[in-house]
Amino acid sequence: MNWFMEFPSWLAPFEPLVPLKSLVEEINTIYHSFDAKNYDAEHLEIRQLWPGLWAEMIQQLPQRNSWRVLDFGCGTGFEAEQLLHHQGSSIHFLMAYDPSREMLARCHGRLGNDPRVNFSDDLVRARAGGPYNLLITNSVLHHLADVEETIYGLQSLLSEDAYWLSGNEPSTRFYKNALCVQLFQHYTAYYERTKWFRPSAYVGKLKSLLGVNSLSATARLAHKRRLFAALPSDTVIARLVDFHVRHLIDADSERGFDLSVMESVFKQHWLLRWSKTYSYLGAFGELSARRTWLNKAHLLQEKFPADGANFCAVWSRPVSN
Ligand SMILES: C[S@@+](CC[C@H](N)C(=O)[O-])C[C@H]1O[C@@H](n2cnc3c(N)ncnc32)[C@H](O)[C@@H]1O
């Protein structure tokens, strides 16, 4: 088998030694194992942006007395906690699944006292708690080697009347809107110019130089585990981790998923019920942006409400009502 046929050109210099799909999965597991300890502290949006969006998504669910929930890629437990908070006693059982044991350990630390919550790093064992009538994912799809295959593979764990709350994924629509791209480019230039006024830039640079960030640690372990013949760069690891996020250095800088393409790809199993887009500074979060930039972002949001750089969506099985 000629594995290199399927590898993108930017991977070839590092001589990957396993097929692309396994590489993406293994790199993600290693990376998130290192990232687990800083994940909650380093993602402002977990506290300031996503809870409101999840409250809105949860409101779209129909009334049911007994939800059996599969949290796929639960991480440290963000979306599971939102659901338990908003849906209360209607949550009968929740399986928190994540391939990273370190992420799962954090999730256990957060939700382990709730007897309804179970934890697994093994999807085959997680199946035993099914069938589930609610699938929840947040910020996970863009890490998957093959989104379609994974989502189709989950169908057998779900009931015919299941819903799916899919939070925070990157949207290509933003990058197809010339005015959005223009603001993104201006903000990128401003960000680069002013970067050295931010202490976090020095911390990031220092960690990178010392090789103590999660990307460098992942690169070293991946090399040691013979996933690559040559030590990969941090950039290559970042591209494999965020596999469906095209990076700024790519000539074609469109990032993420097209919701209408997803609708058509998933139409046999999922019907799109509701969606919302946000983030009008592209790959940059709005939370730490200055007021002048936020004002520009808000103008775009008013004008193009479907063209934010991120989206969340609510899906149901086609037969659900
Ligand atoms: C950005 S974190 C999001 C965690 C959590 N859902 C949240 O929103 O806080 C991505 C999570 O996806 C998990 N992940 C990566 N690849 C995965 C895969 N192939 N299957 C399931 N989960 C995966 C990672 O281990 C990590 O916990």
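Residues numbered from 1 in each chain as written. Predicted model: local features only at pLDDT ≥ 70, side-chain atom pairs only at ≥ 80, totals over all residues.

(A) Examining the domain arrangement of the chain more closely. The domain architecture assigned to the chain consists of domain 1 (3-36 + 175-241) and domain 2 (44-172 + 255-299 + 310-316). Taken over C-alpha atoms, the centre of domain 1 sits 24 Å from the centre of domain 2. Counting only elements with at least two residues in the side of domain 1 that touches domain 2, the list comes to α1 (20-42) and α8 (178-194). For the side of domain 1 that touches domain 2, the element with the most residues is α1, which contributes nine residues. Partitioning the side of domain 1 that touches domain 2 into residue classes produces ten nonpolar, four polar and three charged. (Domains from an automatic or database assignment. Helix = DSSP H or I, 4+ residues; strand = E, 2+ residues; numbered from the N terminus. Nonpolar A, V, L, I, M, F, W, Y, C, P; charged D, E, K, R; others polar.)

(B) Spotlight on the sheet that holds strand β7 (residues 310-316). Judged by pairing direction, the sheet is mixed, and its seven strands sit side by side in the order β3-β2-β1-β4-β5-β7-β6 without closing on themselves. Since the sheet does not close on itself, it has two edges, and those belong to β3 (117-120) and β6 (271-278), each with one partner. Within this sheet the neighbouring strands show an average axis-to-axis angle of 15 degrees, counted without direction. Here strand β1 (residues 67-72) runs beside strand β4 (residues 132-138); their pairing, made up of three bridges, is parallel. Of the residues in β4, the one forming a bridge with Leu70 is Leu135. Those strands touched by helix α4 (residues 78-87) are β1, β2 (91-97), β3, β4 and β5 (158-170), and its axis lies near 175 degrees from that of β2. (Pairing = 2+ DSSP bridges. Axes fitted to C-alpha atoms, helices over the stretch in contact; angles between N-to-C directions. Contact = placed C-beta atoms within 7 Å.)

(C) Representation of the pairing of β2 in the model. Among the seven residues of β2, five are classified as buried, and the element is accordingly described as predominantly covered. As judged from the six bridges shared by β1 and β2, these two strands associate in the parallel manner. The residue bridging Phe72 from the neighbouring strand is Tyr97, located in β2. Handedness of the crossover joining β1 and β2 through α4 is recorded here as right-handed. As judged from the four bridges shared by β2 and β3, these two strands associate in the parallel manner. By the bridge assignment, Ala96 is partnered in β3 with Phe119. Note on the crossover from β2 through helix α5 (residues 101-111) to β3: the handedness is right-handed. (Buried ≥ 20, exposed ≤ 12 C-beta atoms within 10 Å, placed from the backbone. Right-handed = clockwise from strand over helix to strand, strands pointing away.)

(D) Region of the structure containing the confidence of the model for the chain. In this model, the chain carries a mean pLDDT of 90, and residues with pLDDT of at least 70 account for 90%. In the predicted structure, residues 1-5 sits below a pLDDT of 50 and forms two contacts with residues beyond four places in sequence or in another chain. (pLDDT = per-residue confidence, 0-100.)

(E) The environment of Arg101, seen in detail. Relative to the assigned elements, Arg101 resides in helix α5. The spatial distance from the C-alpha of Arg101 to the C-alpha of Val241 is 17 Å, given a sequence separation of 140 residues. Not counting the four nearest positions on each side in its chain, Arg101 is found in contact with Ser33 and Asp121.

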